[in-house]
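What the coordinates show
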Amino acid sequence: MKPYVICHMAASIDGRTLFSRWSPQASVSPGLFDRLHEEIGGDAWLVGRVTGQEYAKGSEYPSSTKDVFPRQPWFARRDAKAYGIVLDAHGKIVWGRSDIGNDPIVVVLTEEVADAHLAGLRSEGISYVFGGKKQLDLPLTLDALNRELGVKRLLLEGGGVTNGAFLRAGLVDEVSLILFPTVDGAKGAPAVFDSLENEQGRSAPVRSMTLESHQVLEGGVMWLRYKLQNE
């Protein structure tokens, strides 16, 4: 059963998400994104590997282990109010922590990840699920999160390539966009929805978008929420 997926992002008016490139620099109360994240509510939030790497504090896991682990979900805990889900298909992130903002980390891996990496995750109390054999299957991943952790409402929070993959797979039910009165205006900055080079010709199967709510926040910031109808 698929969770209800809300893509929650902050962007300039041209849809770019790298704050340091915005002009003028946005002036808004600290914690706005997190405050609206809490207002939306959810059982989990999800980011891709590049965004997840920004939270990592570790240096390395052991390069080998004598243990052989079954390719089955493993959980350090199942009782959290919310979980931080990170897509890390090939096991690249060395965490050095077990939670982000008190939300336990759950890593989504492929079955090709080495036993040594699984041993490293277990040693730090980091839960994991498998989302495919050689590459991540996003519907399978969502089904696993729902089945194993009871995730019914998930906030998808980037980066753009991860958001774009979910969008093109027809898995985004709602977009929550915090639109700042600023611009990037140059080529190359990450966007709310993006793709890899080999995915550029594939459009999203979105049939319609309906504006459900809009609010003007401090500093001229707009908060827009759209419901999506996928084909």
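See the structure shown above.
In this report, we go over the structure that sits alongside the text.

Conventions adopted
Residues numbered from 1 in each chain as written. Predicted model: local features only at pLDDT ≥ 70, side-chain atom pairs only at ≥ 80, totals over all residues. Heavy atoms only, no water. Phe/Tyr/Trp six-rings, centres within 6.5 Å; stacked < 30°, edge-to-face > 60°. Helix = DSSP H or I, 4+ residues; strand = E, 2+ residues; numbered from the N terminus. Buried < 20%, exposed > 50% of the residue type's maximum accessible area, 1.4 Å probe, protein only. Salt bridge = Lys/Arg side-chain N within 4 Å of Asp/Glu carboxyl O. Polar contact = N/O pair within 3.5 Å; in protein donor to acceptor, adjacent residues only side chain to side chain. Contact = heavy atoms within 4.5 Å. Expected span 1.5 Å × (residues − 1).

**Considerations on the packing of aromatic side chains**
Aromatic rings in a pair are described by how distant their centres are and how their planes are angled relative to each other. One pass over the structure, following the stated rule, counts five aromatic pairs. On the basis of an interplanar angle of 50° and a centroid distance of 6.3 Å, the ring pair of Trp45 and Tyr55 is categorised as tilted. Of the two residues, Trp45 sits in strand E2 (residues 44-47) while Tyr55 sits in the loop between helix H2 (49-53) and strand E3 (83-87), which places them ten residues apart along the sequence. For Tyr55, a relative accessible area of 31% puts it in the partly exposed group. A centroid spacing of 6.0 Å and a plane angle of 25° characterise the contact between Trp74 and Tyr128, whose relative ring orientation is stacked. Pair noted here: Trp74 is in the loop between H2 and E3 and Tyr128 is in strand E6 (residues 127-130), with a separation of 54 residues, a long-range link. Trp74 sits in the partly exposed class, given a relative accessible area of 21%. Aromatic ring contacts, followed pair by pair, group Phe19, Trp22 and Phe180 into a single cluster.

**Digging into the environment of Glu212**
Tracing the backbone shows Glu212 in strand E9 (residues 206-216). Along the sequence, Glu212 and Arg225 sit 13 residues apart, while their C-alpha atoms lie 5.6 Å from each other.

**Quick word on the pattern of salt bridges**
Side chains carrying opposite charge are able to pair once their charged atoms draw close together. If you walk through the whole model with that rule in mind, you get ten salt bridges. Ionic pairing is found between Asp173 and Lys2, a salt bridge with its closest N-O pair at 2.5 Å. Of the two residues, Asp173 sits in the loop between helix H5 (160-168) and strand E8 (174-179) while Lys2 sits in the segment before strand E1 (4-11), which places them 171 residues apart along the sequence. We classify Lys2 as partly exposed; its relative accessible area is 34%. Among the charged side chains, a network of salt bridges with common partners joins Arg78, Asp143, Arg147 and Glu148.

**Some thoughts on the side chain of Ser176**
Examined against the element boundaries, Ser176 turns out to sit in strand E8. There is a polar contact of 2.8 Å between the side chain of Ser176 and the side chain of His8. What Ser176 contacts, discounting residues up to four positions off in sequence, is Ile6, Cys7, His8, Met9, Ile40, Trp223, Leu224 and Arg225.

**So, H5**
Counted residue by residue, H5 has seven buried out of nine residues, so it is predominantly covered. One or two steps after H5, the chain reaches Gly170, where phi turns positive at roughly 70°.

**A look at helix H4 (residues 138-149)**
Given 3.6 residues per helical turn, the α-helix brings residues three or four places apart onto the same face. With twelve residues, H4 extends 16 Å between its outermost C-alpha atoms, agreeing within 8% with the 16 Å of an ideal straight helix rising 1.5 Å per residue. Among the residues of H4, Leu138, Thr141, Leu142, Ala144, Leu145, Asn146 and Leu149 are the ones counted as buried. Where H4 ends, the next residue or the one after it, Gly150, has phi of about 70°, a positive value.

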